[in-house]
Amino acid sequence: MDRIFMSAPAGVTIVRVTPEATRPLRQQILRPHQSVDQLCYSGDDDPLTLHVAAIADDTMIGTASVYREPPPGVRDPAAWRLRGMAVVEAHQGTGIGRRLIDACIEHLRGHGGEWIWCNARVPAAGFYQKLGFAIEGERFDLPQIGPHYYMWRSIEG
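Here goes a summary of the coordinates provided.

Here is what the cut-offs are and how they apply
Residues numbered from 1 in each chain as written. Predicted model: local features only at pLDDT ≥ 70, side-chain atom pairs only at ≥ 80, totals over all residues. Heavy atoms only, no water. Phe/Tyr/Trp six-rings, centres within 6.5 Å; stacked < 30°, edge-to-face > 60°. Helix = DSSP H or I, 4+ residues; strand = E, 2+ residues; numbered from the N terminus. Buried < 20%, exposed > 50% of the residue type's maximum accessible area, 1.4 Å probe, protein only. Lys NZ or Arg CZ within 6 Å of the ring centre and 35° of its normal. Pairing = 2+ DSSP bridges.

### Comments concerning the packing of aromatic side chains
One pass over the structure, following the stated rule, counts 4 aromatic pairs. Between W115 and W152, the ring centres sit 6.1 Å apart and the planes meet at 85°, which makes this aromatic pair edge-to-face. With W115 in strand β6 (residues 115–121) and W152 in strand β8 (residues 146–154), this residue pair connects regions lying 37 residues apart in the sequence. Residue W152 is classed as partly exposed on the basis of its relative accessible area of 31%. Here F127 and Y128 contribute two aromatic rings whose centre-to-centre distance is 5.1 Å and whose plane-to-plane angle is 65°, an arrangement assigned as edge-to-face. On the basis of relative accessible area, F127 is assigned to the partly exposed category, the value being 29%. Classification of Y128 by relative accessible area gives buried; the value is 7%. Above the face of the Y41 ring, R83 is positioned so that its terminal group lies 3.9 Å from the ring centre.

### Structural notes on unusual backbone geometry
If you check the backbone angles, D57 has positive phi at about 50° while not being a glycine. Among the secondary structure elements, D57 is positioned in the loop between β3 (50–56) and β4 (59–67). Judged by its relative accessible area of 73%, D57 is exposed. For D58, which is not glycine, the phi dihedral falls at a positive 60°. In this structure, D58 sits in the loop between β3 and β4.

### A few points about the pairing of strand β2 (residues 12–16)
Counting buried residues in β2 gives 4 out of 5 residues, a clear majority hidden from the surface. Judged from the 5 bridges that link them, β2 and β3 form a sheet pairing that is antiparallel. Along β3, the bridge assignment pairs V15 with A53.

The quantities given are spatial measurements derived from coordinates; they are silent on function.
The following block contains the structure:
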């Protein structure tokens, strides 16, 4: 693991990790109905993809990944997708999620990214809005996962 972003809450380090390292937390928080093996996302192993984790006391308490992937129907090589964003409930609201996204945006800046998008779970929409993301379009449901919004922001915003 490489330390890539040091400005995190006391005792928490944001580090780059392998895609395999993110999957248990993805499964625990985002998709408990799926096995860890089912949480391999397209693009996980792409050399431009970044996977980060928040580590406290040698335990992963948060994770996020960004992929060079425009949203459906858009052709823009400057668009990146945030995916697999998860913070253990006991650590939500402490700034860890913000630091994970900050690390992802820092990566985008170094790789020609201009904007970032995600399919945000409805309960997380307020978190993303506080970080400058905007909802576009109507709420939609992802089968077996639940209601979401398409959200995006400029990395300069």
